[in-house]
Amino acid sequence: MSRFRDLRGHWADPAEHPPPDDAEHPPPDDAEHDWPLHPGGAAPARSRGAGEAPEALDHAAAPDTPAAPRATADAAGPPSAAPWEQPAGLPPAATAGPGAPRPPEADNPGPAPDEPAPGGLAPAGSAEAPPAGSAEAPAGEPTRPADPWRLHSPPTAAPTVGKVLPAPRPVLAPATAFRRSMLSLDSVFVGGFHVAAGSLVGTAHLVSGSPCQDAYDFAVSPGGRLIVAIADGLGSRPHSQVGARSFCEGAVQAGLAREELTAADLLAYAARYAESQAGAHRLAPREIGFVGAVAVFAGSRGEIARVGDVSAFALADGEFHELLTNAPDEHVNIVTDALPEQPLPAPEVRRLEAVRRVVLCTDGLATDLRNSPGVRSWLAESWEAPGDVHAMGEALRFRRRGSHDDRTAVVISVLERPVVADSPATSA
Amino acid sequence: MADESSELYTIFPVFMVLDVSASMAGGPLEALNDSLPALQKEMQSNPTVGEIARISIVTFSDVGRTVVPLCDLAEVYLPELMVEGGTNFAAAFQETRRAIEGGLRSLPKGTPIYRPVVFFMSDGEHQAPGDWAAALNDLRDRSWRFAPEVVAFGFGDQVNVDSIRRIATRFSFLAKDADPAMQVREIMNALIGSIRTTSTSFRDPSQADGLHLETPTEFFTPLPPMTL
């Protein structure tokens, strides 16, 4: 589709597309000002003031809500009072928002859901929907009994896309083994690259009490190649986070040791390594099932190999272009290939030329990038220039209706020349 | 593929196909009506279910009726199901196919969807003139873009076990409890649990094809699959 144009047909010589910051920050003598990182706290201001009125609800036009239900066979009642419809005189359930009554059986600790116009954005910190675990009741909300277990959360400029329900309390199931952090973040210069990466546990895991099952890792080899691995543990496998983590570690270890290995070679090695790690933990290979990708970059040239539905996008001129194939007609809950399996499924390989910024991501984020103009806009703005570690965390904080999977992204920026650590003189 | 200007939200379409023939009178139908608010509450309180699952309720006796078209069940006024007459499986399957086609065609083009799931439950057997195999074949036609996974539950003394096995694409169950009303409650609990688990689990390359059933053997006897 035109939205995800072929990289080769879209990108010109990188010299013709200097990084956006170059205009304001011409290359100085020292590296300190070469790639200024925008801090997370200075993310683009989209936020509406908490005291301002939320956008009006428009469920009639909500794309995910079919037209008001109508009986197809039972014509006994008047058309305006079908048995399942809200009786006259009661506000429709769809208008539940600030000040509106809620179903008596609802016991959500958070505010009533609200829905901006389709495609519209609402800052997660605004009155429409508080951020996960927010402690502040939005203005205009009915007073409810205080919930002593609601977690404080600082405000965010990250948007809320569509109507979302209050975030659940995060829980961890008893006896959870091989736990992973709920949030992992990186933002570093490494060799001729800047890599910003983040992994955020999905809402579904907060509900079920299971850990984040995504993983990523990266390193630059002695020869200057950037090795990036990303993996997504299968939700149906009890210890898939072990497989995902081991896969990423294995790919990077092999990439550091053997300069001649291709991305597909590294993927195959990493899958075997993950399987061996399963054995070391006395787990069956099936228990650690995952999908994954390995990317290798040498300057502005790269190569990506993947098995499963992790994906990669080029980010250029504020637009994302998917680099790997996606089968939009397949049902979203069915995946055909996974690791580690014998024989190894044939990986899809994509070679890249003249790249400047590439995003590797797991399916949770790739789905949002494909289907949400709001998320695309937010992340393009967030990743337009390399950001610091807080900016990476802020970028992943958006909420979107139906987006409950783990989110992991590795944003690779190819530098025109390597950036080294500050010397005492430059950092003074 | 997504349109540039519209948000496309992932949908898990679920079709509950419920027997409301005369044999359901009394406790079973009361249990059915009592269970619907629990499903609605799940939709209203659990974001991993309420933001993804879309529910349709189809009833059947002599005829099939789409009582609730595919929608966000959190936002509709729940119907009270009423007892009707005989049992016509063909009418049930024809109406279910219409409900699936109509419900999914009404979604914005490009909407990511889970494979539709039909939860069929009956305490009897087909009693209307004519065969129901053709209607079932149409519903389960794998060449149909929206061909659903059909999970069938049987309960009560009069249920035809072979029919329940034939109706299911792969998974069919008999409720164990002696009390039909309690059997209906357990079936509805299994249905709600299955919707919850499937909505929460994003991918599964196993034989289950992404469907996760919560049918504890304490309450259900799995039936061996039968191919038509």
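Residues numbered from 1 in each chain as written. Chains lettered and ligands numbered in written order. Predicted model: local features only at pLDDT ≥ 70, side-chain atom pairs only at ≥ 80, totals over all residues. Heavy atoms only, no water.

Draft legend 1. Geometry of the overall build of chain A. Of the regular secondary structure elements, chain A holds eight helices and 14 strands. Carbon and sulfur atoms make up 56% of the accessible area of chain A, which amounts to about 17,900 Å² in all. (Helix = DSSP H or I, 4+ residues; strand = E, 2+ residues; numbered from the N terminus. Areas by Shrake-Rupley, 256 points an atom, 1.4 Å probe, with all protein chains shown as cover.)

Draft legend 2. The overall build of chain B, seen in detail. Looking only at helices and strands, one finds six helices and seven strands in chain B. If you list the helices and strands of chain B from N to C, you get β-α-α-β-β-α-β-α-β-α-β-α-β. Accessible surface for chain B amounts to roughly 8,000 Å². Of this, 49% is attributable to carbon and sulfur atoms.

Draft legend 3. Seen up close, the sheet that holds strand 5 (residues 214-220) of chain A. All names here are of chain A. What the five strands build is an open sheet, ordered 5-6-7-8-11; its pairing is antiparallel. At either margin of the open sheet sits one strand with a lone partner, and together these are strand 5 and strand 11 (348-352). Neighbour-to-neighbour, the strand axes of this sheet turn through a mean angle of 10°, independent of strand direction. In this fold helix 4 (residues 263-280) packs onto strand 6 (226-233), strand 7 (290-298), strand 8 (301-307) and strand 11, with an angle of close to 140° to the strand it touches most, strand 7. (Pairing = 2+ DSSP bridges. Axes fitted to C-alpha atoms, helices over the stretch in contact; angles between N-to-C directions. Contact = heavy atoms within 4.5 Å.)

Draft legend 4. Quick look at the nonpolar core. Residue and element names in this part refer to chain B. The biggest cluster of nonpolar side chains holds 44 residues, and the ones touching the most others in it are M16, L32, I55, M121, F153 and I195. Of all the secondary structure elements, the ones that give two or more residues to this core are strand 1 (12-19), helix 1 (27-45), strand 2 (53-60), strand 3 (64-71), strand 4 (117-122), strand 5 (149-154), strand 6 (171-175) and helix 6 (180-200). Broken down by element, the residue count for this core peaks at eight residues, all from helix 6. Counting 32 residues, the second-largest nonpolar core is a separate cluster that includes F15, I100, I113 and A168. (Core = buried A, V, L, I, M, F, W, Y, C linked by side-chain atoms within 4.5 Å. Buried < 20%, exposed > 50% of the residue type's maximum accessible area, 1.4 Å probe, protein only.)

Draft legend 5. Expanded view of unusual backbone geometry. All names here are of chain A. The step from L339 to P340 runs through a cis peptide bond, and the omega angle for that step is -10°. The backbone of A175 sits at a positive phi, close to 65°, despite the residue not being glycine. Mapped onto the fold, A175 is located in the loop between strand 2 (159-161) and strand 3 (183-190). What makes A175 exposed here is its relative accessible area of 81%.

Draft legend 6. How the structure looks around the side chain of T59 of chain B. Within the secondary structure, T59 of chain B sits in strand 2. Beyond its immediate chain neighbours, meaning those up to four positions away, T59 of chain B contacts L18, V20, G64, R65, V67, L81 and E84 of chain B.

Draft legend 7. Looking closely at the environment of A385 of chain A. All names here are of chain A. With respect to the helices and strands, the residue A385 is situated in the loop between helix 6 (373-382) and helix 7 (389-395). Under the relative-accessibility criterion, A385 is labelled buried at 12%. With 348 residues separating them in the primary sequence, A385 and L37 have C-alpha atoms 7.4 Å apart.

Draft legend 8. Here's a closer look at the confidence of the model for chain A. All names here are of chain A. Here chain A averages 73 in pLDDT, while 62% of its residues score no lower than 70. Every residue in residues 41-120 is under pLDDT 50, and counting partners more than four places away or in other chains gives 156 contacts. Across residues 123-144, where pLDDT falls below 50, the model places 67 contacts with residues more than four positions away in sequence or in other chains. (pLDDT = per-residue confidence, 0-100.)

Draft legend 9. A look at the pattern of salt bridges. Under the defined criterion, the tally for this structure stands at 23 salt bridges over all chains. Here R401 of chain A and D72 of chain B are joined by a salt bridge, their closest N and O atoms 3.4 Å apart. Taken as a pair, R401 of chain A in the loop between strand 13 (399-400) and strand 14 (407-414) and D72 of chain B in the loop between strand 3 and helix 3 (89-105) lie in two separate chains rather than in one. Members of the salt-bridge network, linked through shared partners, are K163 and R401 of chain A together with D72 and E75 of chain B. (Salt bridge = Lys/Arg side-chain N within 4 Å of Asp/Glu carboxyl O.)

Draft legend 10. Local environment of the packing of aromatic side chains. Residue and element names in this part refer to chain B. This structure, assessed with the given rule, holds 16 aromatic pairs over all chains. Judged by centre distance (6.2 Å) and plane angle (75°), the rings of W144 and F146 are edge-to-face. Overall, W144 belongs to the buried group, its relative accessible area being 9%. Three or more aromatic residues joined by ring pairs form one cluster here, namely F60, F89, F93, F120 and W132. Across the ring face of W144, the terminal group of R97 is positioned such that the distance to the ring centre comes to 4.0 Å. The lysine or arginine in question, R166, covers the ring of W132, its NZ or CZ lying 4.7 Å from the ring centre. (Phe/Tyr/Trp six-rings, centres within 6.5 Å; stacked < 30°, edge-to-face > 60°. Lys NZ or Arg CZ within 6 Å of the ring centre and 35° of its normal.)

Draft legend 11. View of the packing of helix 3 of chain B against helix 4 (residues 133-140) of chain B. Residue and element names in this part refer to chain B. Contact pair helix 3 / helix 4: the axes reach a minimum separation of 8 Å and the direction vectors enclose 20°. When the axes of helix 3 and helix 4 are compared, the pair comes out roughly parallel. Where helix 3 crosses over helix 4, the two elements pack in a sense that is left-handed. On the side of helix 3, the interface is formed by A90, F93, Q94, T96, R97 and I100, while helix 4 contributes A135, L136, D138 and L139. (Parallel < 35°, antiparallel > 145°, perpendicular 65-115°, else oblique. Left-handed = near helix turned anticlockwise from the far one by under 90°.)

Draft legend 12. Region of interest: the sheet that holds strand 4 (residues 193-200) of chain A. All names here are of chain A. If you trace the six strands from one edge of the open sheet to the other, you get 3-4-14-12-9-10, paired in antiparallel fashion. Each end of this open sheet is capped by a strand with a single partner; those strands are strand 3 and strand 10 (319-322). Between one strand and the next, the sheet's axes are offset by a mean angle of 20°, whatever the strand orientation. Seen against the sheet, helix 5 (residues 363-371) touches strand 9 (311-316), strand 10, strand 12 (357-361) and strand 14 and runs at an angle of roughly 50° to strand 9.

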